[in-house]
Amino acid sequence: MVEVYSYPNSESAAYALGEYIADAQDKALAKNKVFRIAISGGSLVGALQEGLILNKKVAPRVKWGQWEIYFVDERLLPLSYEDSNYGLFKRKLVNLLDPKVTRPYIAAINTTLLSPSGGQDDSIAKDYEKKLPDHMDLIILGCGEDGHICSLFPGHELLEENVKMVANLEDSPKLPPRRITFTFPYLKKATQIAFYARGSGKKPILKKVFSGTATELPSVKVNQFKKIPVSWFVDEAAIEDANVKTSTYK
Ligand SMILES: O=C(O)[C@H](O)[C@@H](O)[C@H](O)[C@H](O)COP(=O)(O)O
């Protein structure tokens, strides 16, 4: 079941996403001691800053010390590099937290396995897979202008991967080229999944995603997951050409 929550601008979409995440946290913590969430890179990280820190209604609800944070994909670079999703998340969120706040566990790639040749990239993927819980309470995805999610790109052989939960690739069309990524078998284990997409640049792809015919797109394959609630948080600029019923969260 897919819900599309649309807002006048990207900030209000991010604020609503923050409330949805806090609700998912509360649901998970009612059953377990930890909230296991996997996030994407890109514009989502800024939205998480808005929705979980700047959003003063949600910020006090976030129990960071009980969070385990994973990345649905990661670029195979040192964590301090501009393009590292881990580095971006630390800079944009964790470093902004009050020093008194207990820090979340954040699963980084094993950088001792990094090499210029990429000779151990498959070991980085295997090592990351070992860090993963059986499933995530929540996975938050972005949607690329080509409809990719994580580092799963339209037409790429990794879309057919049905054994590995985390795979590596060296030919990402979105730079940098060497990455690890969740695969569909792992995405399908999530309790719930949300997307965040903003801006007029996403208008063409969201029109395709909700056209009912673009079944080959990775983001559409997620919409078709059985038994996993999928929620999109979008701004009007991104969704206005899509033929889909929208509402607002809660
Ligand atoms: O590491 C990555 O590159 C992201 O995980 C990637 O999957 C992202 O979510 C999409 O490319 C959308 O990015 P934007 O939201 O910035 O367009």
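Definitions and limits used
- Residues numbered from 1 in each chain as written.
- Predicted model: local features only at pLDDT ≥ 70, side-chain atom pairs only at ≥ 80, totals over all residues.
- Heavy atoms only, no water.
- Pairing = 2+ DSSP bridges.
- Helix = DSSP H or I, 4+ residues; strand = E, 2+ residues; numbered from the N terminus.
- Axes fitted to C-alpha atoms, helices over the stretch in contact; angles between N-to-C directions.
- Contact = heavy atoms within 4.5 Å.
- Near = heavy atom within 4 Å.
- Polar contact = N/O pair within 3.5 Å; in protein donor to acceptor, adjacent residues only side chain to side chain.
- Nonpolar A, V, L, I, M, F, W, Y, C, P; charged D, E, K, R; others polar.
- Core = buried A, V, L, I, M, F, W, Y, C linked by side-chain atoms within 4.5 Å.
- Buried < 20%, exposed > 50% of the residue type's maximum accessible area, 1.4 Å probe, protein only.
- UniProt positions renumbered as here; feature names shortened; annotations may be inferred.

Trainee: I would appreciate a short explanation of the sheet that holds strand β4 (residues 73-75) in the present structure.
Mentor: Note on sheets: strands pair through backbone hydrogen bonds, and any given pair is parallel or antiparallel. Strands sit in the order β4-β8-β7 across an open sheet of three strands; the sheet is antiparallel. The open sheet has two free edges, formed respectively by β4 and β7 (166-169), since each of these has just one partner strand. With direction set aside, neighbouring strand axes in the sheet form an average angle of 15 degrees. Both β7 and strand β8 (residues 179-182) contribute to a ladder of four bridges, which runs antiparallel. Paired with Ala167 across the bridge in β8 is Thr181. Contacts between helix α4 (residues 121-131) and the sheet are confined to β7 and β8, with β7 contributing the most and set at about 160 degrees to the helix.

Trainee: Is there a simple way to explain the site of the ligand in this structure?
Mentor: Not every one of the 15 residues close to the ligand is listed here, only the nearest: Ser43, Asp73, His148, Cys150 and Lys202. Within the side chain of Asp73, a nitrogen or oxygen atom sits 2.7 Å from an oxygen atom of the ligand. Asn85 places a polar side-chain atom, nitrogen or oxygen, 3.0 Å from an oxygen atom of the ligand. Here the shell around the ligand is composed, by residue class, of two nonpolar, eight polar and five charged.

Trainee: Got a minute to help me understand the nonpolar core in this structure?
Mentor: Nonpolar side chains in soluble globular proteins tend to be buried together. Core analysis: the largest hydrophobic core is formed by 92 residues, its most contacted members being Ile21, Phe89, Phe182, Leu206 and Trp232. Considering each element in turn, this core owes the most residues, 10 residues, to helix α1 (residues 10-29). If sequence neighbours within four positions are ignored, Phe89 has contacts with Ile39, Val45, Leu48, Trp64, Ile69, Phe71, Val94 and Ile106.

Trainee: Would you take a moment to explain the pairing of β8 for this structure?
Mentor: Each regular strand carries side chains that alternate between the two faces of the sheet. With burial as the criterion, each face of β8 is covered, one bearing Arg179 and Thr181 and the other bearing Ile180 and Phe182. In this structure, β4 lies alongside β8, joined through three bridges in antiparallel fashion. Following the sheet pairing, Arg75 is matched in β8 by Arg179.

Trainee: So what exactly am I meant to see when it comes to the side chain of Glu68 here?
Mentor: Inspection of the secondary structure puts Glu68 in strand β3 (residues 67-71). Within the structure, the side chain of Glu68 is placed 2.9 Å from the side chain of Arg36, a separation counted as a polar contact. Here Tyr70 takes part through its side chain, which lies 2.7 Å from a polar atom of the side chain of Glu68. The residues contacting Glu68, other than those within four sequence positions of it, are Val34, Phe35, Arg36, Ile37 and Tyr105.

Trainee: Mind showing me how you'd approach the UniProt feature "domain: Glucosamine/galactosamine-6-phosphate isomerase" (unreviewed entry) in the chain here?
Mentor: When the UniProt feature table is mapped to this numbering, "domain: Glucosamine/galactosamine-6-phosphate isomerase" (unreviewed entry) covers residues 9-223. For residues 9-223, the end-to-end C-alpha separation is 23 Å, with 32% helix and 15% strand making up the annotated structure.

Trainee: Would you take a moment to explain the side chain of Ser10 for this structure?
Mentor: Structurally, Ser10 is set in helix α1. A polar side-chain atom of Ser10 sits 3.4 Å from a polar atom in the side chain of Arg198. In this structure, Ser10 is in contact with Glu50, Tyr196, Arg198 and Asp235, ignoring residues within four places of it in sequence.

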